[in-house]
Amino acid sequence: MRYILLALTIVAWAVSASAADTELIKPARTALQQPDPEGVLFVGNSYFYYNDSLHNHVRRILAELRPGMHTRYKSSTIGGARLRHHNLNYLLTPGQIGIDKPFQLVVLAAASSEPLRTDTVQRFHADVDLAARQVRQAGAELALYMTHAYVEPHPNVHVDNFVKTYQAYVAAGNRVGALVIPVGLAFEHAYQERPDIGLHEFFDGTHPSVRGTYLAACVVVASVYGISPQGAEYDAYGEVSAADAGFLQTIAWTTVREFYAQ
C-alpha cells in the first residue's frame, strides 16, 4: 500500500506540473440552457456502471438536496465503448428503453483513451459533432463528461494524459455548445490535496473506486443543477466515510465554481 500511495503522490505532482505549463481552455458554456432537466440519459462505459452506477448516486444526492424534484434517470453503458459504439438515435426515441417521455439532457462520456492519441482524438471530435446533432434533433441538450486520467499501475500512465483529456473535452464542448462536466479536473484537485484519497481502483489505475464515483456524482450534481453537494448526508450506504464525503463534496463544488468562472 505504501508503494501505491507513493505512486499516486508522484502522479498528482507530475500532472499538476504539466497543467501549470499549459494554458487550459476555458469552457464557453457555464450552465444548461434547460435548467433542472426532468429526464436525464447517461451514455458511456464502465466508468458509469462501476459501483452501483453513477446515475444512482446522482439521484440519491439530488433527492436529499432537492426533495421536491422528480427526475427520471436512465443509463446506457457498454464496457470499453467509444462514442461511435452507441446508437443515440435509438436510445433517444421515446419508448425504446422504457421511458415514454423525451429526455431533456444526455450526459455523454467517451472511452478514456480517445483523447490521448492523434488518430483517436480526431475521431472523438467527429463523433461529438455527430452526437450533438442527434441530441439536438431529439430536442435534448448535450453535456460532455470529462473523464479522469489514469494512475499507477495502469500501463498507459503519462504526465500529459490529464491535459490532453481536458483540452479535448473543453474544445469539443465549446465547438458544439455543450456543457462540460469537469470530473477529471476534480480528480486532479482531490489528489493534489490528498494523494492518498484513492479515487481509482488500486488494481488497475483506471476504474473509479466508490470514492471516485462519489466525487463524480457530486460534480455532476454541481454542474447540472448548479447547487452545492456540501452538507449532503448520503454516504453510499456507509462505503464513504463522513470525512471523505465532506472532502469530496467540497472539492466538487470548488472545482465546478472555478471551472465555470469567467
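(A) Fine view of the side chain of His207. Tracing the chain through its elements places His207 in the loop between helix H7 (183–193) and helix H8 (210–225). Of note is the side chain of His207, whose polar atom sits 2.8 Å from the side chain of Ser46. Here the side chain of His207 touches Asp204 through a polar contact of 2.6 Å, side chain to side chain. Look past the residues within four positions of His207 in its chain and what remains in contact with it is Ser46, Tyr47, Tyr50, His148, Leu199, His200 and Glu201.

(B) Representation of helix H9 (residues 242–260) within the structure. The terminal C-alpha atoms of H9, which comprises 19 residues, lie 27 Å apart, in line with the 27 Å expected from a rise of 1.5 Å per residue. Of all the positions in H9, only Asp244, Ala245, Phe247, Leu248, Gln249, Ile251, Ala252, Trp253, Thr255, Val256, Phe259 and Tyr260 are classed as buried. Contact partners of the buried residues in H9: helix H6 (161–176), strand E5 (179–181), H7 and H8.

(C) Focus on the pattern of salt bridges. Counted by the stated rule, this structure contains 7 salt bridges. Here Asp52 and Arg60 are joined by a salt bridge, their closest N and O atoms 2.7 Å apart. Judged by relative accessible area, Arg60 falls into the buried class, the value being 17%. As a salt-bridge pair, Asp196 and Arg194 come within 3.8 Å of each other at their nearest N and O atoms. With a relative accessible area of 45%, Asp196 lands in the partly exposed category. Each of the salt bridges in this network shares a partner with another, and the network as a whole consists of Arg194, Asp196 and Asp244.

(D) View of the environment of Asp119. For Asp119, the position within the fold is in helix H5 (residues 118–137). The class for Asp119 is partly exposed, based on a relative accessible area of 48%. A distance of 3.2 Å separates a polar atom in the side chain of Asp119 from a polar atom in the side chain of Arg117.

(E) Representation of the packing of H5 against H6. At a minimum axis distance of 10 Å, the contact between H5 and H6 shows a crossing angle of 35 degrees. You can see that H5 and H6 cross each other, and the crossing is right-handed. On the side of H5, the interface is formed by Val121, Phe124, His125, Val128, Asp129, Ala132 and Arg136, while H6 contributes Ala168, Tyr169, Ala171, Ala172, Arg175 and Val176.

(F) Structural view of the packing of aromatic side chains. Evaluated as defined, the whole model comprises 11 aromatic pairs. Relative to Tyr73, the ring of Phe42 has its centre 6.3 Å away and its plane inclined at 40 degrees; by these criteria the two rings are tilted. Here Tyr73 lies in strand E2 (residues 72–77) and Phe42 lies in strand E1 (residues 39–44), a separation of 31 residues in the sequence. Neither Phe42 nor Tyr73 differs from the other in exposure class; each is buried. Aromatic ring contacts, followed pair by pair, group Phe42, Phe48, Tyr73 and Tyr145 into a single cluster. Here Arg194 stacks its cationic end above the ring of Phe247, 5.0 Å away from the centre of that ring.

(G) Representation of the sheet that holds strand E3 (residues 105–108). Spatially, the 5 strands line up as an open sheet ordered E2-E1-E3-E4-E5, and their pairing is parallel. The open sheet has two edge strands, E2 and E5, and neither has a second partner. With direction set aside, neighbouring strand axes in the sheet form an average angle of 20 degrees. Inspection of the sheet shows E1 paired to E2 by 6 bridges, in the parallel sense. Bridge assignment links Phe42 to a residue of E2, and that residue is Ser75.

Cut-off values and rules
Residues numbered from 1 in each chain as written. Predicted model: local features only at pLDDT ≥ 70, side-chain atom pairs only at ≥ 80, totals over all residues. Heavy atoms only, no water. Helix = DSSP H or I, 4+ residues; strand = E, 2+ residues; numbered from the N terminus. Polar contact = N/O pair within 3.5 Å; in protein donor to acceptor, adjacent residues only side chain to side chain. Contact = heavy atoms within 4.5 Å. Expected span 1.5 Å × (residues − 1). Buried < 20%, exposed > 50% of the residue type's maximum accessible area, 1.4 Å probe, protein only. Salt bridge = Lys/Arg side-chain N within 4 Å of Asp/Glu carboxyl O. Axes fitted to C-alpha atoms, helices over the stretch in contact; angles between N-to-C directions. Left-handed = near helix turned anticlockwise from the far one by under 90°. Phe/Tyr/Trp six-rings, centres within 6.5 Å; stacked < 30°, edge-to-face > 60°. Lys NZ or Arg CZ within 6 Å of the ring centre and 35° of its normal. Pairing = 2+ DSSP bridges.

Scope: geometric values only; no functional claims are made or implied.
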